[in-house]
Amino acid sequence: MNGGIVVLTGAGVSAESGVRTFRAADGLWEEHRIEDVATVEGFTRDPVLVHRFYNERRQTLATVQPNAAHQALANFEKNYTGDFLLVTQNIDDLHERAGSKRLIHMHGELLRMFCTQCMHNINITGDSSVEDTCVACGKRGGMRPDIVWFGEMPYQMSAIEQALMQCDLFVAIGTSGNVYPAAGFVQSARAIGARCVELNLEQSTTHHLFDEGRYGPATEEVEAFFSALLKTSSLTQ
Ligand code: APR
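Every value quoted in this text rests on a predicted model; they were computed, and no experiment measured them.

About the thresholds
Note on numbering: residues in each chain are counted from 1, in written sequence order. The predicted origin of the model limits local features to residues at a pLDDT of at least 70 and limits the giving and counting of side-chain atom pairs to 80 or more, whereas totals for whole chains, interfaces and linings rest on all residues. Hydrogens are left out, water is left out, and the side-chain values use all remaining heavy atoms of the structure. Any residue with a heavy atom positioned within 4 Å of a molecule or strand is treated as near that molecule or strand. Here a polar contact means two N or O atoms within 3.5 Å. Within protein one must be a hydrogen donor candidate and the other an acceptor candidate, and residues neighboring in sequence count only if both atoms are side-chain atoms. Computed with a 1.4 Å probe, the accessible areas rest on the Shrake-Rupley method; for each residue, only the protein chains presented here act as cover. All amino acids are sorted into three groups, where Ala, Val, Leu, Ile, Met, Phe, Trp, Tyr, Cys and Pro are nonpolar, Asp, Glu, Lys and Arg are charged, and the leftover types, Gly among them, are polar. Any two rings among Phe, Tyr and Trp, with Trp reduced to its six-membered ring, count as a pair given centres within 6.5 Å; such a pair is stacked if its planes are under 30 degrees apart, edge-to-face if over 60, and tilted if neither. Only when the NZ atom of a Lys or the CZ atom of an Arg is both within 6 Å of the ring centre and within 35 degrees of the ring normal do we say a charge sits over the ring. Secondary structure elements follow DSSP: runs of H or I of four or more residues count as helices, runs of E of two or more count as strands, with numbering from the N terminus. What a helix is expected to span follows from its residue count: subtract one and scale by 1.5 Å. One requirement defines pairing of two strands: DSSP has to find at least two bridges between them. Axis lines are fitted to C-alpha atoms, over the contacting stretch for helices. Their N-to-C directions set the angle, which ranges from 0 to 180 degrees. Any two residues having at least one pair of non-hydrogen atoms within 4.5 Å are treated as being in contact.

(A) Up close: the site of the ligand. Taken together, 22 residues sit near the ligand, with Ala11, Arg23, Trp29, Thr175 and Ser176 positioned nearest. Between Arg23 and the ligand, the recorded distance is 2.7 Å, taken from a side-chain N or O atom to an oxygen atom. One of the backbone N or O atoms of Gln89 is found 3.2 Å from an oxygen atom in the ligand. Burial of the ligand by the protein amounts to 92% of the accessible area it has alone, namely 740 Å². Tallied by class, residues from the shell around the ligand come to 9 nonpolar, 10 polar and 3 charged.

So this is what it looks like as structure tokens:
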């Protein structure tokens, strides 16, 4: 990577848009058991509940907009001439709506679903259900949200690892550092000597692994950090 930058985002980057985080006192996991709505076993046990859970999340997308943090990242990518990769754990589409292009949804996307029979993957904007039929294989009942559940392998890990192995700067934004492998990216980046920065509302579980932490709302910290970085990088190029 040429002046390579890898950014990892979590639920905190979308919090000020009105998308609920997972582990806050009013977070999603306070109301739902992870085993019920975010595992293959939960889906097998009660697919109706799981479809309803993700339908509710998908419906909220129509009511939310990208915030200043999503915009700042998209703006940075547009103007930065070095290598840049944005990896998000979020399943909302706010980064792409803000204009981010070099983006990996490592935990899947609310606006996609796939057939567990033939793996055909489609876009979805409305509700999904156990009655859905796969347009590719014609089988009914096997469609599931394209979300990486606990126990499943996140998407595009080799591309992410390759970018981490070559980056000079790693920035984690709005993530609590509880879920691996994403929580371990800072260790990979550190190991090759990259500068590691955390931008979060509060110290994450892995804060001690970062060279620097800046604490405050993402809409303020991300904008401030990346506009300053753009200025310095244009001076040094
Ligand atoms: N600005 C910045 N950070 C914020 C803000 C904000 N406005 N609001 C909350 N945060 C921070 C919280 O302090 C917390 O550290 O965002 C973090 C959100 O943590 P989690 O709810 O645990 O979300 P995340 O780290 O993205 O979860 C990782 O866990 O359940 C799974 O698959 C799910 O992708 C998710 C993964």
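(B) Seen up close, the packing of aromatic side chains. A complete count under the given rule lists 10 aromatic pairs for this structure. Consider the rings of Phe53 and Tyr54, whose centres lie 4.8 Å apart with planes at 90 degrees: the pair is edge-to-face. Three or more aromatic residues joined by ring pairs form one cluster here, namely Phe22, Trp29, Phe43, Phe53, Tyr54 and Trp149. One cation-aromatic arrangement involves Arg144 over Trp149; the distance from NZ or CZ to the ring centre is 3.8 Å.

(C) Representation of helix H6 (residues 68-79). In this model H6 runs 16 Å from its N-terminal to its C-terminal C-alpha over 12 residues, within 8% of the 16 Å that 1.5 Å per residue would give. The backbone nitrogen of Ala69 has a side-chain oxygen 2.7 Å away, supplied by the residue at the start of H6, namely Asn67.

(D) Local environment of the sheet that holds strand E1 (residues 5-9). Strand order in the open sheet made by the 6 strands is E3-E2-E1-E7-E8-E9, with parallel pairing throughout. The open sheet terminates on both sides in strands that have one partner only, identified here as strand E3 (103-105) and strand E9 (212-215). Each strand axis lies, on average, 15 degrees off the axis of its neighbour in the sheet, ignoring direction. Summarising the sheet, strand E2 (residues 84-88) and E3 pair through 3 bridges and their orientation is parallel. Within the sheet, the bridge partner assigned to Val87 lies in E3 and is Ile104. Sheet strands touched by H6: E1, E2 and strand E7 (169-173). Its angle to E2, the strand with the most contacts, is close to 155 degrees. This element, helix H8 (residues 157-165), spans E1, E2, E3 and E7 of the sheet and lies at about 130 degrees to E2.

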